[in-house]
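The lines below spell out each chain.
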Amino acid sequence: MKKQFQAIRGMNDILPNETIHWQHLENTIQNIAHQYTFQEIRFPIVEHYELFQRSVGNVTDIVEKEMYVFEDRNGDMLCLRPEGTAGCVRAAIENGLLYNQIQRLWYQGPLFRHERPQKGRYRQFHQTGFELFGSAQPAADAEIILLCARLLRALNLIDHVTLEINSIGTAEERAKYREALVAYLTPLHDQLDADSQRRLSTNPLRILDSKNPDTQALLKNAPTFNDFLEEASIKHFETVKSLLSKANLSFTINPNLVRGLDYYCHTVFEWTTTQLGAQGTVCAGGRYDGLVEQLGGKPTPAIGCAFGMERLLELLENKPDTAHSDVYIAAMDENAFMLATQAAESIRSAHPNLKVYVHMDASGIKSQLKRANQHGAHIALLIGEQECAEEKVTLKYLQNEQAQAQCALNQLSGFIGEYFEKLL
Ligand code: HAM
């Protein structure tokens with residue numbers, strides 16, 4: 001036996017019975033993006049490694065230990081994109097999309113992180129991201145968060161998630177806060193978990209994110225961001241909060257919310273659920289006013305977020321109808337294929353919204369009807385010897401008690417139309 005290949009760990013096939021749910025999610029997202037006048041942008045999966053070092057940050061988990069990095073044949077250090085914002089900003093600068101204008105972009109696609117796979121955490125996963133460039137107004141923060149809420153509502157998920165927000169201020173405010181946090185935690189060094197001990201000298205703000213209960217207990221009396229925000233930052237955050245409240249959106253303020261990527265400032269937020277175990281964040285984002293300049297563009301304020309598609313799908317209970325076909329055409333023998341194909345094509349021309357399936361392998365009526373039922377079909381067309389001789393088809397109704405009928409090929413689309421019109 002020849003060797004069988006397996007997919008790479010943490011990288012999943014999306015099978016036909018799942019793609020239907022993906023399409024439903026993608027369509028819903030597209031509608032919301034249109035409603036909020038975001039335009040789609042597509043950019044490559046492979047980028048220069050340095051792009052992420054400079055944006056996401058050298059001492060973040062993503063860059064330190066999760067990237068798929070490789071040298072290509074030219075000797076360039078490239079990587080599979082671990083997130084979308086940096087590539088989106090790179091593409092927007094390179095193509096002059098940010099010049100003196102507000103730009104609203106959205107994207108969708110695969111990302112790659114070499115994390116330990118578990119439910120809700122994969123090495124190839126998919127995000128839909130929204131990025132709004134050119135506005136420093138709190139209204140832009142609210143616009144992005146309200147877009148998220150509308151999408152979650154459209155998916156009937158709003159009651160399953162909680163919105164947490166925080167302000168991490170400006171770079172200067174963060175530097176002062178970092179100093180105060182280090183001063184508070186240094187004497188407690190030995191009581192911190194190993195990861196936090198390491199972070200104390202590399203990226204101390206990430207200690208706030210620690211899942212370790214002992215570390216969290218130590219943080220109870222630590223200084224918070226709030227103590228270090230100056231007037232302008234406080235005002236910005238207050239306005240964001242009141243815009244959300246005015247829109248009747250409930251949220252909680254999580255003073256320990258810092259996010260794991262270095263480019264954020266001011267408002268940061270996460271939508272989380274308790275229904276997915278440890279991987280409960282379905283959407284995350286924030287403001288990143290310094291990033292465009294950091295990547296070589298003109299100073300441009302920006303805010304954005306990204307949804308984890310796999311997590312949204314795992315949360316979706318009311319998956320859409322998975323009927324495989326509406327009309328199932330059962331050809332009983334090889335001679336019947338001619339009439340079956342003609343029948344299928346005439347229905348497809350007359351009723352473009354119906355799903356019409358032709359069984360391509362002559363087999364018994366019983367097994368074909370069984371399969372038609374598995375498809376969730378409404379009508380099975382039976383075409384056997386007698387039908388071929390008389391140039392007719394037999395219609396068998398599978399979802400109600402309606403009596404079986406026969407009709408000529410040229411009457412077929414009328415019969416089909418009459419049935420499905422009644423369903424609407
Ligand atoms: P992030 O928090 O790294 O942010 O990822 C956003 C979302 O992607 C997460 O909340 C989660 O739903 C999903 N996600 C992340 N890693 C995995 C994984 N290994 N498996 C499955 N899902 C995952 C960003 O990527 C930022 N670029 C978001 C952003 C856009 N900020 C501003 N604009």
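Everything in this summary refers to the structure shown in the same document. Treat the numbers as computed from the prediction; the structure is a model and nothing was measured.

What counts as what
Residues numbered from 1 in each chain as written. Predicted model: local features only at pLDDT ≥ 70, side-chain atom pairs only at ≥ 80, totals over all residues. Heavy atoms only, no water. Phe/Tyr/Trp six-rings, centres within 6.5 Å; stacked < 30°, edge-to-face > 60°. Helix = DSSP H or I, 4+ residues; strand = E, 2+ residues; numbered from the N terminus. Buried < 20%, exposed > 50% of the residue type's maximum accessible area, 1.4 Å probe, protein only. Near = heavy atom within 4 Å. Polar contact = N/O pair within 3.5 Å; in protein donor to acceptor, adjacent residues only side chain to side chain. Areas by Shrake-Rupley, 256 points an atom, 1.4 Å probe, with all protein chains shown as cover. Core = buried A, V, L, I, M, F, W, Y, C linked by side-chain atoms within 4.5 Å. Contact = heavy atoms within 4.5 Å. Salt bridge = Lys/Arg side-chain N within 4 Å of Asp/Glu carboxyl O. Patch = residues over 30% accessible without salt bridge, like charges linked within 9 Å, V, L, I, M, F, W, Y side chains within 5 Å. Pairing = 2+ DSSP bridges. Axes fitted to C-alpha atoms, helices over the stretch in contact; angles between N-to-C directions.

Here we take up the packing of aromatic side chains. Tallied over the full model, the rule gives 11 aromatic pairs. When the ring of Tyr177 is compared with that of Phe228, the centres are 5.5 Å apart and the planes differ by 50 degrees; the resulting orientation is tilted. With Tyr177 in helix α6 (residues 171–185) and Phe228 in the loop between α8 (213–219) and α9 (231–246), this pair connects stretches of sequence that are 51 residues apart. For Phe228, a relative accessible area of 24% puts it in the partly exposed group. Members of the aromatic cluster, each reached through a chain of ring pairs, are Phe133, Tyr263, Tyr264 and Tyr288.

Turning our eyes to something else, we now look at the site of the ligand. Neighbouring the ligand are 25 residues, the closest being Glu83, Glu115, Glu131, Tyr264 and Thr281. Note that a nitrogen atom of the ligand is positioned 2.8 Å from one of the side-chain N or O atoms of Glu131. The contact in question runs from an oxygen atom of the ligand to an N or O atom on the backbone of Gly308, over 3.4 Å. When the ligand is considered free in solution it has 660 Å² of accessible area, and contact with the protein chains removes 96% of it. Where the shell around the ligand is concerned, the elements lending two or more residues are β6 (124–133), β10 (281–287) and β11 (302–308). Among the elements that take part in the shell around the ligand, β10 stands out by supplying five residues, more than any other.

With respect to the secondary-structure elements, Lys298 resides in the loop between α10 (291–294) and β11. Its relative accessible area of 54% is what places Lys298 among the exposed residues. When the C-alpha atoms of Lys298 and Asn100 are compared, they prove to be 9.5 Å apart, with 198 residues separating the residues in sequence.

Counting 44 residues, the largest nonpolar core has Phe52, Phe133, Leu181 and Leu185 as its most contacted members. Of all elements in the fold, only α2 (49–55), α3 (61–66), α4 (85–94), β5 (103–112), α6, α8 and α10 reach the threshold of two or more residues within this core. Counting residues per element, this core draws most heavily on α4, which supplies five residues. Filtering out sequence-adjacent residues up to four positions away, Phe133 remains in contact with Cys88, Val89, Leu98, Gln101, Ile102, Gln103, Leu105, Tyr288, Val292, Thr300, Pro301 and Ala302. Ile32, Leu163, Val240 and Trp271 belong to the second largest nonpolar core, which has 41 residues in total.

Take the pattern of salt bridges next. One pass over the structure, following the stated rule, counts 17 salt bridges. The residue Asp141 makes a salt bridge to Arg287 at a minimum N-O spacing of 2.6 Å. Of this pair, Asp141 sits in helix α5 (residues 138–154) while Arg287 sits in strand β10; the two residues are 146 residues apart in sequence, bridging distant segments of the chain. Among the residues examined, Asp141 registers a relative accessible area of 0% and is labelled buried. For Asp195, the salt bridge identified is with Arg198, shortest N-O distance 3.4 Å. Taken as a pair, Asp195 and Arg198 lie in helix α7 (residues 194–202) at a separation of three residues, close to a single helical turn.

The next subject is a nonpolar patch on the surface. Together, Ile45, Val46 and Phe70 make up a nonpolar patch on the protein surface, roughly 200 Å² of accessible area in all. Examined against the element boundaries, Ile45 turns out to sit in the loop between β1 (39–40) and β2 (46–48).

Looking now at the sheet that holds strand β12 (residues 327–331). Hydrogen bonding along the main chain pairs the strands of a sheet, whether they run parallel or antiparallel. One open sheet accounts for five strands, arranged β13-β12-β14-β15-β16; its pairing is mixed. At either end of the open sheet lies a strand with only one pairing partner, and these are β13 (356–358) and β16 (405–408). Between one strand axis and the next, the sheet turns through 25 degrees on average, direction left out of account. Here four bridges tie strand β15 (residues 392–397) to β16, and the two strands are oriented antiparallel to one another. Following the sheet pairing, Val393 is matched in β16 by Cys407. Strands in contact with helix α15 (residues 412–423) are β12, β14 (379–383), β15 and β16; relative to β15, the strand with the most contacts, it is inclined by about 15 degrees.

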